[in-house]
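Results of the structural survey
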Amino acid sequence: MQQHLPLLPVIFPLIIGTLLLLPPIANSLMRQRSVTLLASLVIIALGIWMIQVAHLEGIQLYFLGDWKPPFGILLVLDRTSALMVLLTSLLTLGALLYATGGDDNTGMHFYPLFMFQVAGVNGAFLTGDLFNLFVFFEVLLMASYSLLIHGGGKQRTQAAMHYVVLNLVGSAFFLFALGILYGTLGTLNMADMAARVHHLNPDELALVKTGGLLLLVVFGLKSALLPLQFWLPRTYSAASAPVAALFAIMTKVGIYSILRVHTLIFGPEAGELANLIQPWLWPLSLLTLAIGAVGALASPSLRMLAANLVIISVGTLLIAAAIATPQAIGAALYYLVHSTLVAAALFLLADAIGEQRGKPGDRFVAARRVQQPILLGTAFFVAALSVAGMPPFSGFIGKLMLLQAAGQTSLIASWVWPAILISSLAAIIALSRAGTSLFWRVNNRGNISAEVKPLPLLKLSGIWFLLACSPLMVIFAGSITEYTQLAAEQLFDIQTTLDLILQQGDK
């Protein structure tokens, strides 16, 4: 069974999603909930198994149809891809727990679409081929189009239209990049491409450079890199709460693709194309961090604030990618896990608070008191401290590790330290304002309406499940940081990866 392990996180959600479309499961919402929650637990178990195998036994390869590189479909399980699959599975369970509280019955095929998106995300993390990365992008995007509009409404329809158009443009650029790279290198297998970039004439170098920079545009759009970040706040704030929580992993797919593709193919060992994107990534990542901080301070609602905090995390992670050292990437992987889970919890929390405040929702205006101030207030306090990077939560450890990695060079530190610290201060100010408005600004009709019901236990469990990951990441910080550091070193051990994959192709 272990030899098929790299395929299971992709094929299993696809099978479950298909079964959910068939009677008698499709005819019963309770059956759909039960099957999907059980499936999410299975995917978590697969993620834990993948972590153990990748950590103890090294890189695992899976050749669909037994077609060896550079032909056919290759899946690569290493420490980084295993970590991302486990992160996706944890995020999925938290979002699904919240959805079962009633958000799943506002439209059709919620759970099948959820599973299809999980399959696409996992495939993007595991593929070792650029064309199949495009395919998995399309799988997750098609599911996300429908999930975004789930429940209907003018705001969601407008956001979905913008989201669809932008991603169709991104897909077109992706195909242009693939055509250029395949025409010059003769392959789209990432390992094979990395081996061939050393043997190009000047004309081919220019074409491959163009293709590599086009990939940066595509991945920058997915990850919300400035100036391609404008779609994110509106899209995430318009989506239903569990969908927005799942979407917290979407920007990380773009960041992961930048780390994987531009480290393996255009990394430090790529000859004349070495570190291709670094001159572009440095200013854009710093500006992304700045625009995220400004957006957080200007946010009119908790959903919009959470969306802008996602942009801050994107800028922080891309600064680590610009530093491009194993220490910085190790810190980034830890911070990536933390920021994804806490941002998802904030989206769920914004919806829960909005439900209990009535018509004003989660906007920062006076409204009636929430019915569960202790539960929701404590959850908000934990989320705010964690996302702002305050001790003793995981955000503090992630940012501290990144500051230490930047401190290796005084010039880098002079840019990175102020950017990260000022953006953290902006997040603290924005979250303090949000907490004051949501829990203390009560209007004269501050009595709790009899129509407002306490938050269902499943919704609370979804929020607290995601929030609990932050202190757990602190308790087990030693083991987790050791793993992320080894994962980063494996990413930069390019020759070992090439030897393993290409030698399999010669057999």
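Presented here is a report on the structure given in the accompanying data block.

**Some details on the overall build of the chain**
Within the chain, the secondary structure is distributed over 20 helices and two strands. The C-alpha radius of gyration computed for the chain amounts to 22 Å, which stays within 12% of the reference 23 Å derived for 507 residues, consistent with globular compactness. With respect to the three principal axes, the spread of C-alpha positions in the chain is 75 × 60 × 40 Å. In the chain, buried positions account for 60% of the 507 residues. Summarising the internal contacts of the chain: among those between residues at least 6 apart in sequence, 79% fall at separations of at least 24.

**A few points about the side chain of Ser-257**
In this fold, Ser-257 is placed in helix 11 (residues 250-264). Given a relative accessible area of 1%, Ser-257 falls into the buried group. Non-local contacts of Ser-257, meaning those with residues more than four positions away in its chain, are made with Leu-133, Phe-137, Phe-219 and His-262.

**Description of a nonpolar patch on the surface**
A cluster of nonpolar side chains, contributed by Ile-11, Leu-14, Ile-15, Leu-19, Leu-21 and Leu-22, occupies part of the molecular surface with about 450 Å² of accessible area. With respect to the element layout, Leu-21 can be found in the loop between helix 1 (8-19) and helix 2 (29-57).

**As for the packing of helix 1 against helix 2**
Packed helices, taken two at a time, are described by the angle between their axes plus the distance between the axes. Running from amino to carboxyl end, helix 1 crosses helix 2 at an angle of 175°, the nearest separation of the two axes being 10 Å. On the basis of their axis angle, the class for helix 1 and helix 2 is roughly antiparallel. Here Leu-8, Pro-9, Phe-12, Pro-13 and Ile-16 of helix 1 come into contact with helix 2, specifically with Val-35, Ala-39, Val-42, Ile-43, Leu-46, Trp-49 and Met-50. Counted by class, the contact of helix 1 with helix 2 contains 12 nonpolar, no polar and no charged residues.

**Quick word on the packing of aromatic side chains**
Applying the stated criterion across every chain, the model contains 16 aromatic pairs. Ring centres of Phe-110 and Tyr-111 lie 5.2 Å apart, and the angle between their planes is 85°; on these two criteria the pair is classed as edge-to-face. Judged by centre distance (5.5 Å) and plane angle (90°), the ring pair of Phe-134 and Phe-174 falls under edge-to-face. Here Phe-134 is found in helix 5 (residues 130-148), whereas its partner Phe-174 is found in helix 6 (residues 154-185), with 40 residues between them in sequence. Three or more aromatic residues link up through ring pairs in this structure, and these residues are Tyr-145, Tyr-163, Trp-231, Tyr-236, Phe-247 and Phe-347.

**A few points about the pairing of strand 1 (residues 60-63)**
With burial as the criterion, each face of strand 1 is covered, one bearing Gln-60 and Tyr-62 and the other bearing Leu-61 and Phe-63. In terms of strand pairing, strand 1 meets strand 2 (residues 74-77) through four bridges, oriented antiparallel. In the sheet register, Phe-63 faces strand 2, and the bridge partner there is Leu-74.

**Concerning unusual backbone geometry**
With an omega of 5°, the peptide bond running from Pro-23 to Pro-24 counts as cis. Tracing the sequence through the fold places Pro-24 in the loop between helix 1 and helix 2. Along the chain, Leu-226 connects to Pro-227 via a cis peptide bond; the corresponding omega equals 5°. As for its placement among the helices and strands, Pro-227 is situated in the loop between helix 8 (202-223) and helix 9 (231-238).

**Brief notes about helix 3 (residues 79-99)**
In a regular helix each residue adds 1.5 Å, so 21 residues correspond to 30 Å; helix 3 covers 30 Å between its end C-alpha atoms and thus fits that length. The buried count for helix 3 comes to 20 of 21 residues, which makes it a mostly enclosed element.

**Regarding the nonpolar core**
The biggest cluster of nonpolar side chains holds 190 residues, and the ones touching the most others in it are Leu-130 and Leu-302. With 21 residues, helix 14 (residues 326-357) is the largest single contributor of residues to this core. Those residues in contact with Leu-302, other than ones at most four positions away along the chain, are Leu-346, Ala-350, Ile-353, Asp-362, Phe-364, Phe-380, Ala-434 and Leu-438.

**Some words on helix 15 (residues 373-388)**
Given a rise of 1.5 Å per residue, 16 residues ought to cover 22 Å, and the 21 Å separating the end C-alpha atoms of helix 15 matches this to within 8%. What helix 15 keeps buried is the set Leu-376, Gly-377, Ala-379, Phe-380, Val-382, Ala-383, Ala-384, Ser-386, Val-387 and Ala-388. Contacts made by the buried residues of helix 15 are with helix 13 (302-323), helix 14, helix 16 (394-406), helix 17 (410-439) and helix 18 (457-475). Directly beyond the C-terminal end of helix 15, a positive phi value near 85° is found at Gly-389.

How each quantity is defined
Residues numbered from 1 in each chain as written. Predicted model: local features only at pLDDT ≥ 70, side-chain atom pairs only at ≥ 80, totals over all residues. Heavy atoms only, no water. Helix = DSSP H or I, 4+ residues; strand = E, 2+ residues; numbered from the N terminus. Rg over C-alpha atoms; globule rule 2.2 N^0.38 Å. Buried < 20%, exposed > 50% of the residue type's maximum accessible area, 1.4 Å probe, protein only. Contact = heavy atoms within 4.5 Å. Patch = residues over 30% accessible without salt bridge, like charges linked within 9 Å, V, L, I, M, F, W, Y side chains within 5 Å. Areas by Shrake-Rupley, 256 points an atom, 1.4 Å probe, with all protein chains shown as cover. Salt bridge = Lys/Arg side-chain N within 4 Å of Asp/Glu carboxyl O. Axes fitted to C-alpha atoms, helices over the stretch in contact; angles between N-to-C directions. Parallel < 35°, antiparallel > 145°, perpendicular 65-115°, else oblique. Nonpolar A, V, L, I, M, F, W, Y, C, P; charged D, E, K, R; others polar. Phe/Tyr/Trp six-rings, centres within 6.5 Å; stacked < 30°, edge-to-face > 60°. Pairing = 2+ DSSP bridges. Expected span 1.5 Å × (residues − 1). Core = buried A, V, L, I, M, F, W, Y, C linked by side-chain atoms within 4.5 Å.

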